[in-house]
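# Fold and geometry: a report
Chain residues, written in single-letter form:
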Amino acid sequence: MGNTDTKLNFRKAIVQLTNKTKPIDASEDAFWQQFWNDHATTALDVFALVPPNEIRKLREDMPQNLATLLYKAVERLVRAVDNSCRTQQEQQCVLNCVRLLTRILPYIFEDDEWRGFFWSSLPSENEHDDSATPLAQSLLNAICDLLFCPDFTVVGSRRSGPDKAEELANIDSCEYIWEAGVGFANSPSRVGAMDERRTELLKLLLTCFSETMYRDPNASEEPNKWISHFTSAENRHALPLFTSLLNTVCAYDPVGLGVPYNHLLFTDTVEPLVEACIQIMIVCLDHDITQSSSPSNTSTYNVEDSLLGDNLFINYLSRIHRDEDFSFILKGIVRLLNNPLTQSYLPNSTKRLHCHQELLVFFWKICDYNKKFLYYVLKSSDVLDILVPILFHLNDSRADQSRVGLMHIGVFILLLLSGERNFGVRLNKPYTATVPMDIPVFTGSHADLLITVFHKIITTGHQRLQPLFDCLLTILVNVSPYLKTLSMVASVKLLHLLEAFSTPWFLFSAPSNHHLVFFLLEIFNNIIQYQFDGNSNLVYTIIRKRQIFHALANLPTDSYGISRCLSNRGGKAGGVHRPIQASNSTKAPTKEELDENSDVSEEETEGEDEPEEDAEEKSEARTPEPSMEGSTPAQAAEPGTLKATLMDTPALTQMTEKESAHPTGDQPLCDLGSPTKLPTQEANSEAETTNKENETKVEEQKEKPKTPVASPEKTQTLKRGVVNQRGSIRLTESNSRTSKLNIPPPATWHPTPEWVQAWQKKLPLQTIMRLLQVLVPQVEKICIDKGLTDESEILKFLQHGTLVGLLPVPHPILIRKYQANSGTTAWFRTYMWGVIYLRNVEPAIWYDTEVKLFEIQRV
């Protein structure tokens, strides 16, 4: 009954505030105190008792009452800090003020005229020296003080004697860091009630920072005054706050004691705190006002203080350098990222976290601002512990359009990692299938896992992932020079992609589709030139599918041949691959179309001097591939989440700098005549190969980053900017092999013989054609002499073969490294705030407010 009465009194006060016909004087303390004194309403109660329409009515009809309410609430928090918040009644008043401000602030930000209210100088009743202090600074300072308040949010170290109580204004908050880890060795005792209070204060902080969501997307790069003050030297708690947030996230272990179902028996007060901590961290680290003017400066770990601006969070993060600190951070991120992947014989027996998107943004920020940390991650196999959960989420989200943002950030992290040589080297470590994924069963390395998942994304993902295709292939190009032994499964997948993307209809249907073929040929060339010894599976697959390369070398370049390829979408195209069946001229191939196309080239060679293929090989692509045990197919988006449009994905050139690694000579391509049948190879088999090391010296070039797309989770989806209904594969790369092409806009573009000839003669086929010229006659001779019907003998021959002195001069390897740019920065900001918006549902802080950074589509 008592709790019901307090809710009723609080509700009456709200109604009285909005229905007054004249402003209520600020001196009527008895009226204003009823909003935070003598009641113990929860945060959910406050959100229910203060409806949005009444806040807006108060803002429009009685603005003076709203201004007084906000001022009084902040003043009450400041007074609590001055009193060191010692009593239980004082602490309850603080929580009531925090909940009320968290409820009202979003409605202040959504109105342009009110947005500057907190930064105006308001006089104080009893502190004349605070007359010039903006209300926002007073609020932020009070919150930071309260986050280190003994016996309220931290366990006090009381001393005996007359000075038993600690004065909050004079406290050294570095002694009260919340968790052991970076820069702090003590492990404070944990109190659940204190975790809950910290979480509520951090939610209010996050609400203050959310002013960014109410700005136009074009103005989102303007400095956020709230974050600027919080991360500046004016905040005396900046260092202990940074350390507390970082350590709380990285030290959290959701398994706890490991007792099954313990999360159902006991309330975990730490998980909400961890989620709030990581959201505050990524928001503060995103606020880098120097990045737009000098992005390269902020991406190095030895940046001068002046270049880092006033953001102490970025400063502190960039200066972490001890290996033990790096180990602590990396192990914490790996532990939390791998949590959703853990399996148990008891269903739902272990706690599942849902903050993986925030963790990926956090990992991205650390790698971006602290290159020493990135090198630490790459110098050991620990990077594979980051790779596997990323690939899991990519594979699991490929069919869900509401998670396209998660797909993008995962791909961009892999692009960042692939720019370093060590990442490609680490991929050779054998992979043991510990994570259930809906991919074919294979035995091989992490490189095979990477290729198999990328193939699955391209062939079975939804249409809105097509802008990522060039980025996926760029990652494979970056790591290809270091892949020592690809499995037969991965080799078949790579040739499958080339077969699909090299069909004449697809190549001629859009001005940039041929770039995908350039990427795939570069992958094959890198492996042949630098890792030939251990890749007999790939060489064998290239020989089996050599008609693909012959067709590329003999593409029709006359007007009649081009028009015939475009018109005969459903039939054979006379000596070349049958075009991929698609619903429009720019649609990417579907899984069924790819599977169908994988047999076409073999069928089309019938009637020449090649014998008819075995029925086993003809049905090979149509046979369902067994998936890993325990895996479930990727789930499509829930109803109502498929209409969100996203921020356009930036072109690859905006994120990577490149130099052509392909030969530019005009030497004629080899013509090996018609291919000859080889023994069949099932897609899921893998021959054991010797693991010979081929030490090569590579020339590493720099690369820039790629810009992502924003999207939140299931019940609501986000869209930003102009509606974009593109269905095409988009690659606007302008490196030396294509920069001279004059390609008109796609809307008015039609393929011409000159356009086809311009890029067709630059296809880097010399290395592969030379390999076929040397090996095909030898393999054919073995097949004829020994009457082989099995591929094992051929694989043995290829394992011990060599092409030393027979191939063209090795080309320089192109390593593309991520480079910060304004496009990716804007994308990450939109995506990050979209995730935060959707993750805060209890209470739903920003629900039903007029957010401008993105658009909300409700189910």
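Counting of residues starts from 1 at the beginning of each chain's written sequence and follows it residue by residue. pLDDT decides what is reported in this predicted model: residues at 70 or higher carry local features, side-chain atom pairs at 80 or more are listed and counted, and totals for whole chains, interfaces and linings draw on all residues regardless. Working from all heavy atoms in the structure, the side-chain values ignore hydrogens and water.

### Brief notes about the environment of Asn428
In plain terms, the rule: A run of H or I in DSSP becomes a helix once it reaches four residues, and a run of E becomes a strand once it reaches two; helices and strands are each numbered from the N terminus. Contact definition: two residues touch when any of their heavy atoms are within 4.5 Å. N or O atoms closer than or at 3.5 Å make up a polar contact, with two conditions inside protein: a donor-capable atom paired with an acceptor-capable one, and, for residues adjacent in sequence, both atoms drawn from side chains.
Here Asn428 shows up in the loop between helix 20 (421-426) and strand 1 (430-431). For the pair formed by Asn428 and Ser445, sequence separation is 17 residues and the distance between their alpha carbons is 5.4 Å. Leave out the neighbours within four places in its chain, and Asn428 touches Ser445, Tyr482, Leu483, Lys484 and Thr485. There is a polar contact of 2.9 Å between the side chain of Asn428 and the backbone nitrogen of Lys484.

### Some thoughts on the layout of surface pockets
Our working definition: Using only the protein atoms, space was sampled on a 1 Å grid; points where a 1.4 Å probe fits but cannot get out form cavities, open sets with protein on both sides within 12 Å along at least five of seven lines form pockets, and lining residues are those with an atom within 4 Å of a point. Grid points are joined across faces, edges and corners, and a volume is the space filled by probe spheres set on the points. Only Asp, Glu, Lys and Arg are considered charged in this grouping, and only Ala, Val, Leu, Ile, Met, Phe, Trp, Tyr, Cys and Pro are considered nonpolar; every other residue, Gly among them, is considered polar.
As a volume, the largest pocket reaches approximately 860 Å³. In terms of lining, the largest pocket is formed by 28 residues, of which the most central are Thr199, Lys203, Pro272, Glu842 and Pro843. Contributing elements (two or more residues each) for the lining of the largest pocket: helix 3 (43-49), helix 6 (88-109), helix 8 (192-209) and helix 12 (270-286). The greatest single-element share of the lining of the largest pocket, amounting to six residues, is contributed by helix 8. A breakdown of the residues in the lining of the largest pocket according to their chemical character gives 10 nonpolar, nine polar and nine charged.

### Some details on empty space enclosed by the protein
Across all of its chains, the model carries eight cavities of 30 Å³ or more by this definition. Its boundaries defined by the atoms lining it, the second largest cavity holds a volume of some 60 Å³. Forming the walls of the second largest cavity are Ile14, Leu17, Thr18, Val50, Glu54, Ile55, Leu58, Leu69 and Ile104. Elements supplying a minimum of two residues to the lining of the second largest cavity: helix 1 (2-19) and helix 4 (52-61). In terms of residue class, the lining of the second largest cavity is made up of seven nonpolar, one polar and one charged.

### Re helix 7 (residues 135-146)
Definition in use: The span one expects for a helix is its residue count, reduced by one, times 1.5 Å. In this scheme, a residue with accessible area under 20% of its type's maximum is buried, one over 50% is exposed, and one in between is partly exposed, where area comes from a 1.4 Å probe on protein chains only.
A rise of 1.5 Å per residue sets the reference length of helix 7, with its 12 residues, at 16 Å; its end C-alpha atoms lie 17 Å apart and thus fit the reference within 8%. When you tally the buried positions in helix 7, you get 10 out of 12 residues, the bulk of the element. For helix 7, the set of buried residues is Leu135, Ala136, Ser138, Leu139, Leu140, Ala142, Ile143, Cys144, Asp145 and Leu146. Among the structural elements, helix 5 (63-82), helix 6, helix 8, helix 9 (225-230) and helix 10 (238-251) are those in contact with the buried residues of helix 7.

### Remarks on the pattern of salt bridges
We apply this condition: Should a side-chain nitrogen of Lys or Arg be within 4 Å of a carboxyl oxygen of Asp or Glu, the pair is scored as a salt bridge.
Applying the stated criterion across every chain, the model contains 30 salt bridges. A salt bridge links Arg56 to Glu110, with the nearest nitrogen and oxygen atoms 2.8 Å apart. Separated by 54 residues along the polypeptide, Arg56 in helix 4 and Glu110 in the loop between helix 6 and helix 7 bring together distant segments of the chain. With a relative accessible area of 6%, Glu110 lands in the buried category. A salt bridge links Glu420 to Lys817; the shortest N-O distance between them is 3.7 Å. Of this pair, Glu420 sits in the loop between helix 19 (404-418) and helix 20 while Lys817 sits in the loop between helix 33 (792-799) and helix 34 (822-839); the two residues are 397 residues apart in sequence, bridging distant segments of the chain. Exposure remark for Glu420: the relative accessible area of 13% places this residue in the buried category. In this structure Lys817 comes out as partly exposed when scored by relative accessible area, which is 22%. Overlapping salt bridges bring together Arg56, Arg59, Glu60, Glu110 and Asp111 as one network.

### Some thoughts on the environment of Ile282
With respect to the element layout, Ile282 can be found in helix 12. Taking the C-alpha atoms as reference, Ile282 lies 9.4 Å from Phe363; in sequence the two are 81 residues apart. Residue contacts for Ile282: discarding those within four places in its chain leaves Glu358, Val361, Phe362, Met832 and Ile836.

### What about helix 15 (residues 323-337)?
For helix 15, built from 15 residues, the straight-helix expectation of 21 Å at 1.5 Å per residue is met to within 8% by its first-to-last C-alpha distance of 21 Å. Those residues of helix 15 lying buried are Asp325, Phe326, Ser327, Ile329, Leu330, Gly332, Ile333, Val334, Leu336 and Leu337. Close packing links the buried residues of helix 15 with helix 10, helix 16 (356-369), helix 17 (371-378) and helix 18 (382-397).

### Some remarks on the nonpolar core
Worth spelling out the cut-off: Each nonpolar core is a collection of buried residues, namely Ala, Val, Leu, Ile, Met, Phe, Trp, Tyr and Cys, held together in the definition by side-chain atoms within 4.5 Å.
In this structure, Phe35, Phe118, Phe209, Phe524, Phe549 and Leu771 are the most contacted members of the largest nonpolar core, which totals 238 residues. Once residues within four sequence positions are removed from consideration, Phe524 is found in contact with Leu494, Leu495, Leu498, Leu538, Ile542, Phe549 and Ile768.

### Observations regarding the packing of helix 15 against helix 17
Here is the rule: Lines fitted to the C-alpha atoms define the axes, with helices restricted to the stretch that makes contact. Angles between their N-to-C directions range from 0 to 180 degrees. When an angle is under 35 degrees it counts as roughly parallel; over 145 it counts as roughly antiparallel; between 65 and 115 it counts as roughly perpendicular; any other value is oblique.
As a packed pair, helix 15 and helix 17 sit with axes 10 Å apart at the nearest point and diverge in direction by 70 degrees. If you check the angle between helix 15 and helix 17, you find them roughly perpendicular. Where helix 15 approaches helix 17, its residues Asp323, Phe326, Ser327, Ile329 and Leu330 are matched on the opposing element by Lys372, Phe373, Tyr376 and Val377. Residue classes in the contact of helix 15 with helix 17 are distributed as six nonpolar, one polar and two charged.

### So, the packing of helix 21 (residues 446-460) against helix 23 (residues 488-501)
Inclusion rule: Note on convention: the crossing is left-handed when the near helix lies turned anticlockwise from the far helix by less than a right angle, right-handed when the turn is clockwise.
In the contact formed by helix 21 and helix 23, the axes pass within 9 Å of each other and the chain directions differ by 35 degrees. Our pair here, helix 21 against helix 23, has a crossing hand that is left-handed. Where helix 21 approaches helix 23, its residues Asp448, Ile451, Thr452, His455, Ile458 and Thr459 are matched on the opposing element by Val489, Ala490, Lys493, Leu494, His496, Leu497 and Phe501. In the contact of helix 21 with helix 23, the residues fall into seven nonpolar, four polar and two charged.

### Notes on the packing of aromatic side chains
Filter applied, for reference: Two aromatic rings from Phe, Tyr or Trp, using only the six-membered ring of Trp, form a pair when their centres are within 6.5 Å; if the ring planes differ by under 30 degrees the pair is stacked, by over 60 it is edge-to-face, and anything between is tilted.
Scanning the entire structure with this criterion turns up 30 aromatic pairs. Taken together, a centroid distance of 5.4 Å and an interplanar angle of 35 degrees make the contact between Phe501 and Phe506 tilted. Residue classification places Phe501 among the buried positions, given a relative accessible area of 1%. On the accessibility criterion, Phe506 (0% relative accessible area) is buried.

### Examining unusual backbone geometry
In this structure, the amide linkage connecting Glu842 to the following residue, Pro843, adopts the cis form with an omega of -5 degrees. By secondary structure assignment, the location of Pro843 is in the loop between helix 34 and strand 4 (855-858). Even without being glycine, Ser84 reaches a positive phi, approximately 65 degrees. Residue Asp151 is not a glycine yet carries a positive backbone phi of 65 degrees. Along the chain, Asp151 falls in the loop between helix 7 and helix 8.

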